[in-house]
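So the chains spell out like this:
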Amino acid sequence: MHDPLAPGREPLAPEPEPLSHGLKRRHLTMLGLGGVIGAGLFVGSGAGIAVAGPGIVVSYLIAGALAMLVMRMLGEMSAAMPASGAFSVHAERALGRWAGFSVGWLYWFLLVVVLAVEATGAARIAHGWVPGVPQWGWVLVFMIVFTLANLAAVKNFGEFEFWFAALKVGAIVLFLVLGVLAIVGWLPDTDPVGLTNLTGQGGFLPNGWSGVVSGVLAVVFAFGGLEVVTIAAAESDDPARNVARAVRSAVWRILFFYVGSMLVVVTLLPWTSMKPGESPYVAVLDAIGVPGAGQIMNVVVFVALLSALNANLYGSSRMVFSLAERGEAPKGLLKVSGGGGPSRTESGGVPRRAVLASVAFGFVSVLLNLKWPDSVFLYMLNAVGAVLLFVWALIAASQLRLRRRIEREAPETLTLKMWGFPWLSWVALAAMGAVLVLMLNDDGARPQVLWSAGATGAVLLVTWVRGLRTSSTKRN
């Protein structure tokens with residue numbers, strides 16, 4: 001009897017998407033570049049420097065290399081089989097319905113919870129600028145604006161993200177240029193700094209390799225967000241070619257931005273001056289005499305948060321739409337504007353009910369964050385703390401399974417191949433396992449792993465119960 005949960009039953013050729021194809025190649029390329037350049041880099045990197053010292057550069061290299069391997073694997077599958085559900089669809093085809101259901105809903109939950117953090121963070125900054133508007137008022141404004149942008153047409157999302165990402169990328173490039181000029185002493189009132197800050201205060205690895213490992217744990221999740229570009233590719237005019245190009249360009253440039261900016265920070269300033277929660281970028285700009293550095297970085301972080309909010313709303317709506325397409329979410333979420341299909345217009349093909357469902361739960365998350373940030377919402381945040389690693393692990397497992405099948409059935413679709421297959425795929429999977437083990441041994445990170453494991457277990461339990469019901473229905 002056919003097992004509805006068995007892998008490998010579905011055809012590799014993707015079904016035509018009823019969504020609009022309004023995204024251009026420039027949208028995807030900038031989405032790939034800007035998707036992970038956020039508050040985690042501009043502010044959160046200070047915590048990594050505090051534990052690893054100048055060795056944070058090595059931490060970013062390790063975490064960035066892992067993210068690059070994951071994106072290469074995801075890019076290979078997405079170029080061969082573009083779909084709005086991306087890795088959820090791949091997991092279902094490779095490992096069975098249980099995997100597609102689990103990774104899809106876990107990722108959706110991750111996005112709508114993180115959305116609350118971003119909306120609240122942006123509202124806090126805006127409230128500082130305009131104290132007359134309460135923080136909840138700013139949250140309401142942001143949620144309405146980006147909901148309307150996502151409801152109108154996918155090209156609106158693309159344009160928002162293009163310009164948001166362009167500002168963030170421009171800020172990073174300007175920071176790197178100013179930093180390098182300061183390092184060599186070519187800015188007014190500056191002298192060459194040499195290697196004093198890299199070799200002093202305990203050396204390049206002041207806390208040894210354990211500090212580098214702690215740095216990896218502090219920064220690895222900053223690379224989350226790259227996955228959205230493979231979800232968005234399904235709504236471009238040439239999904240297979242565009243996702244391959246976006247992945248190729250994004251991973252190298254992002255690694256350069258992350259590692260390069262960290263190298264500038266620890267070369268210009270003593271690592272001992274860094275404090276968790278304070279932006280090392282502001283410290284550098286203050287040190288080289290840029291007036292109003294704090295407010296400049298506030299603007300950049302504000303834009304980064306709104307960009308991430310917009311991207312997460314988009315990604316969550318497309319993920320739940322894809323789940324509905326495969327019968328893993330309510331069928332009512334399949335309604336698209338303009339009717340979808342061949343008759344869709346550029347302004348049609350938007351899964352509006354999926355957008356509204358995602359923003360509704362996202363708004364609940366925001367309210368929980370505003371009302372109970374240290375209790376109810378903290379539990380939710382911990383429940384998604386390690387979900388990104390679970391998602392990445394399923395991406396790797398899916399690629400290991402699907403690559404052989406694609407080579408047999410549709411080798412011409414392998415336009416973007418994983419490096420060193422299968423060895424580097426296994427290395428990436430082992431590295432994710434090592435990060436989880438290290439998190440379990442870290443007092444601060446352990447609750448995230450345990451709560452995330454609990455959330456994953458709950459989703460798997462639902463999957464198992466649904467499988468039993470499906471099998472029982474078929475027998476009857």
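This section reports on the structure supplied with the text. (Residues numbered from 1 in each chain as written. Predicted model: local features only at pLDDT ≥ 70, side-chain atom pairs only at ≥ 80, totals over all residues. Heavy atoms only, no water.)

Regarding its fold elements, the protein chain presents 19 helices and zero strands. Overall size of the protein chain, expressed as C-alpha extent along the three principal axes, is 80 × 50 × 45 Å. Counting the 476 residues in the protein chain, one finds 56% classified as buried. In the protein chain, once contacts between residues fewer than 6 apart in sequence are set aside, the share between residues at least 24 apart is 81%. Summed over all atoms, the accessible surface of the protein chain reaches about 18,900 Å², with 66% contributed by carbon and sulfur. Side chains of the protein chain carry 34 positive and 26 negative charges; the gap between the two charge centres is 8 Å. (Helix = DSSP H or I, 4+ residues; strand = E, 2+ residues; numbered from the N terminus. Buried < 20%, exposed > 50% of the residue type's maximum accessible area, 1.4 Å probe, protein only. Contact = heavy atoms within 4.5 Å. Areas by Shrake-Rupley, 256 points an atom, 1.4 Å probe, with all protein chains shown as cover. Lys, Arg positive; Asp, Glu negative; His and termini not counted. Charge placed at Lys NZ, Arg CZ, Asp CG, Glu CD.)

Between helix 4 (residues 56-80) and helix 10 (residues 208-219), whose axes approach to 8 Å, the crossing angle comes to 55 degrees. Relative to helix 10, the element helix 4 is oriented oblique. Handedness of the crossing formed by helix 4 with helix 10: right-handed. Between helix 4, through I56, V58, S59, Y60, I62 and A63, and helix 10, the contact on the second element is made entirely by W209, G211, V212, G215, V216 and V219. Split by residue class, the contact of helix 4 with helix 10 holds nine nonpolar, three polar and no charged. (Axes fitted to C-alpha atoms, helices over the stretch in contact; angles between N-to-C directions. Parallel < 35°, antiparallel > 145°, perpendicular 65-115°, else oblique. Left-handed = near helix turned anticlockwise from the far one by under 90°. Nonpolar A, V, L, I, M, F, W, Y, C, P; charged D, E, K, R; others polar.)

Bringing the pattern of salt bridges into the picture now. Evaluation of the coordinates by the stated rule reveals 11 salt bridges. Note that R241 is salt-bridged to D238, the shortest N-O span being 3.6 Å. Judged by relative accessible area, D238 falls into the partly exposed class, the value being 29%. A salt bridge links D443 to R446; the nearest nitrogen and oxygen atoms lie 3.0 Å apart. Judged by its relative accessible area of 62%, D443 falls in the exposed class. Through salt bridges with shared partners, one network takes in E76, R403, R404 and E407. (Salt bridge = Lys/Arg side-chain N within 4 Å of Asp/Glu carboxyl O.)

In this section: the packing of aromatic side chains. What the rule picks out here adds up to 20 aromatic pairs. Ring centres of W105 and W108 lie 5.4 Å apart, and the angle between their planes is 80 degrees; on these two criteria the pair is classed as edge-to-face. Here W108 and W105 lie together in helix 6 (residues 97-129), a separation of three residues that amounts to about one turn. By relative accessible area, W108 is classed as buried at 10%. Through a chain of ring-to-ring contacts, the aromatic side chains of F101, W105, W108, F109 and F361 assemble into a single cluster. When the ring centre of F162 is taken as origin, the NZ or CZ atom of R26, which lies over that ring, is 4.7 Å away. (Phe/Tyr/Trp six-rings, centres within 6.5 Å; stacked < 30°, edge-to-face > 60°. Lys NZ or Arg CZ within 6 Å of the ring centre and 35° of its normal.)

Within the fold, S236 resides in the loop between helix 11 (228-232) and helix 12 (239-268). Among the polar contacts made by the side chain of S236, one reaches the main-chain carbonyl oxygen of A233 at a distance of 2.7 Å. (Polar contact = N/O pair within 3.5 Å; in protein donor to acceptor, adjacent residues only side chain to side chain.)

On to the environment of K331, then. Checked against the element boundaries, K331 lands in the loop between helix 14 (293-325) and helix 15 (352-371). Classification of K331 by relative accessible area gives exposed; the value is 52%. Sequence spacing of K331 and L440 is 109 residues, and the spatial spacing of their C-alpha atoms is 39 Å. With near-sequence residues (within four places) excluded, K331 lies in contact with A324 and E325.

This brings us to empty space enclosed by the protein. Tallied over the full model, the rule gives one cavity of 30 Å³ or more. Taken as a whole, the largest cavity holds about 40 Å³ of empty space. As for the largest cavity, its lining consists of G64, A67, M68, F223, L226, V251, I254 and L255. Those elements that provide at least two residues to the lining of the largest cavity are helix 4 and helix 12. Of the residues contributing to the lining of the largest cavity, the split by class is seven nonpolar, one polar and no charged. (1 Å grid on protein atoms, 1.4 Å probe; cavity = no way out; pocket = protein on both sides within 12 Å on 5 of 7 lines; lining within 4 Å. Points joined across faces, edges and corners; volume = space filled by probe spheres on them.)

Glancing now at the packing of helix 5 (residues 87-95) against helix 17 (residues 387-409). Helix 17 packs onto helix 5 with a crossing angle of 55 degrees between their chain directions and a minimal axis gap of 8 Å. For the element pair helix 5 / helix 17, the angle class is oblique. Where helix 5 crosses over helix 17, the two elements pack in a sense that is left-handed. Mapping the contact onto sequence places F87, H90, A91, R93, A94 and L95 in helix 5 and V391, L394, I395, A397, S398, R401, L402 and R405 in helix 17.

Across its 20 residues, helix 15 extends 28 Å between first and last C-alpha, which sits within 8% of the 28 Å expected from 1.5 Å per residue. Buried within helix 15 are the following residues: A354, V355, S358, V359, G362, S365, V366, L368 and N369. Along its buried surface, helix 15 packs onto helix 6, helix 7 (135-152), helix 14 and helix 16 (376-383). (Expected span 1.5 Å × (residues − 1).)

Its 33 residues give helix 6 an end-to-end C-alpha distance of 48 Å, which sits within 8% of 48 Å, the value for a rise of 1.5 Å per residue. In terms of burial, helix 6 is largely enclosed, as 25 of its 33 residues are buried.

On the surface, a nonpolar cluster with roughly 580 Å² of combined accessible area is contributed by W136, L140, I144, L148, L367 and L370. Counting only elements with at least two residues in the nonpolar patch, the list comes to helix 7 and helix 15. No other element matches the four residues that helix 7 contributes to the nonpolar patch. Tracing the backbone shows L367 in helix 15. (Patch = residues over 30% accessible without salt bridge, like charges linked within 9 Å, V, L, I, M, F, W, Y side chains within 5 Å.)

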